[in-house]
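Given next are the chains, with one letter for each unit.
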Amino acid sequence: MSALGQKMDIQSIENTVSLIDKNEKLKRSVLNWEELTEQTKINDSEFLVWSKNDTIYKVSLASLSPRGTIKFIIYCHEGNPIKIVEMEHFNSADIVSQDSSKLEVTFKEEIFITGFREYYPGEIEYEYEVLTEGSRMITDMYCQVNELLHPLEVAYKGLKK
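Summarised in this report is the structure supplied together with it. (Residues numbered from 1 in each chain as written. Predicted model: local features only at pLDDT ≥ 70, side-chain atom pairs only at ≥ 80, totals over all residues. Heavy atoms only, no water.)

1. Examining the overall build of the protein
When helices and strands are counted, the protein shows four helices and eight strands. Ordered by position from N to C terminus, the α and β elements of the protein give β-α-β-α-β-β-β-β-β-β-α-α. Within the protein, the proportion of its 161 residues that are buried is 42%. Considering only intrachain contacts with a sequence separation of at least 6, the fraction spanning at least 24 residues in the protein is 49%. A total accessible area of about 9800 Å² is found for the protein, and carbon and sulfur atoms account for 48% of it. (Helix = DSSP H or I, 4+ residues; strand = E, 2+ residues; numbered from the N terminus. Buried < 20%, exposed > 50% of the residue type's maximum accessible area, 1.4 Å probe, protein only. Contact = heavy atoms within 4.5 Å. Areas by Shrake-Rupley, 256 points an atom, 1.4 Å probe, with all protein chains shown as cover.)

2. Let's talk about the side chain of Thr37
Structurally, the position occupied by Thr37 is in helix 2 (residues 33-37). Since its relative accessible area comes to 18%, Thr37 is described here as buried. Among the polar contacts made by the side chain of Thr37, one reaches the main-chain carbonyl oxygen of Trp33 at a distance of 2.7 Å. Setting aside residues no more than four positions away along its own chain, Thr37 makes contact with His150 and Val154. (Polar contact = N/O pair within 3.5 Å; in protein donor to acceptor, adjacent residues only side chain to side chain.)

3. Let's talk about the nonpolar core
A general feature of soluble globular proteins is that nonpolar side chains tend to end up buried together. Membership of the largest hydrophobic core comes to 24 residues, with the highest contact counts inside it found for Phe47, Val59, Ile74, Ile84, Tyr126 and Val145. If you tally residues by element for this core, the top one is strand 5 (residues 68-77), at four residues. Discounting chain neighbours no more than four positions away, the residues touching Ile84 are Ile73, Ile74, Glu109, Glu110, Ile111, Ile113, Val145, Leu148 and Leu149. By size, the runner-up hydrophobic cluster in this structure holds 13 residues, among which are Ile13, Ile20, Ile82 and Met87. (Core = buried A, V, L, I, M, F, W, Y, C linked by side-chain atoms within 4.5 Å.)

4. Some points on helix 1 (residues 10-22)
Between the first and last C-alpha of helix 1 there are 18 Å, a value that for 13 residues agrees with the 18 Å anticipated at 1.5 Å per step. Those residues of helix 1 that sit buried are Ile13, Thr16, Val17 and Ile20. Around the axis of helix 1, the buried residues are gathered within 100° of arc, so they sit on the same side. In this structure, helix 1 carries Gln11, Leu19 and Lys22 as exposed residues pointing more than 90 degrees from its buried face. (Expected span 1.5 Å × (residues − 1). Arc of directions from axis to C-beta.)

5. Let's talk about the pattern of salt bridges
Counted by the stated rule, this structure contains five salt bridges. Among the salt bridges present, the one from Lys83 reaches Glu14, with a minimum N-O distance of 3.0 Å. Taken together, the positions of Lys83 in strand 6 (residues 80-91) and Glu14 in helix 1 put the pair 69 residues apart, joining distant regions of the chain. On the basis of relative accessible area, Glu14 is assigned to the partly exposed category, the value being 26%. The network of salt bridges with common partners includes Glu14, Lys83 and Glu110. (Salt bridge = Lys/Arg side-chain N within 4 Å of Asp/Glu carboxyl O.)

These figures capture arrangement, not role.
Written out as structure tokens, the structure reads:
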């Protein structure tokens, strides 16, 4: 990351995200979240990483439970995060079911990282814009963007194994 920082607008970020999603040359890896984080498995999880030449372009972490699904997607450009998506799919059915057709998106938050500045190694301040749809039903709000980037750190660790 440059000490001068990155500057992108939302449309540039969306264009880059679209190219990443369409790129069939990226290697898709399935990683074990619980093993990499040394956490006990509580719910089913799905941890996917799209990369090329040790550069991560996309990370997806989904936690599946009878109440619903929580999903984080992180997109990167030139090794730096540019967009974070957090979604909740909530089970509104009266019965406990893993049937995904019974899940409805009740919350979606898109965080566009429009700029950042690294003051010291590891000390990064982000500039961002947030678009939010719906209401949280399962998760709590995060205080800092850095907290949402934890899956990216775990993905780098997993690819090195």
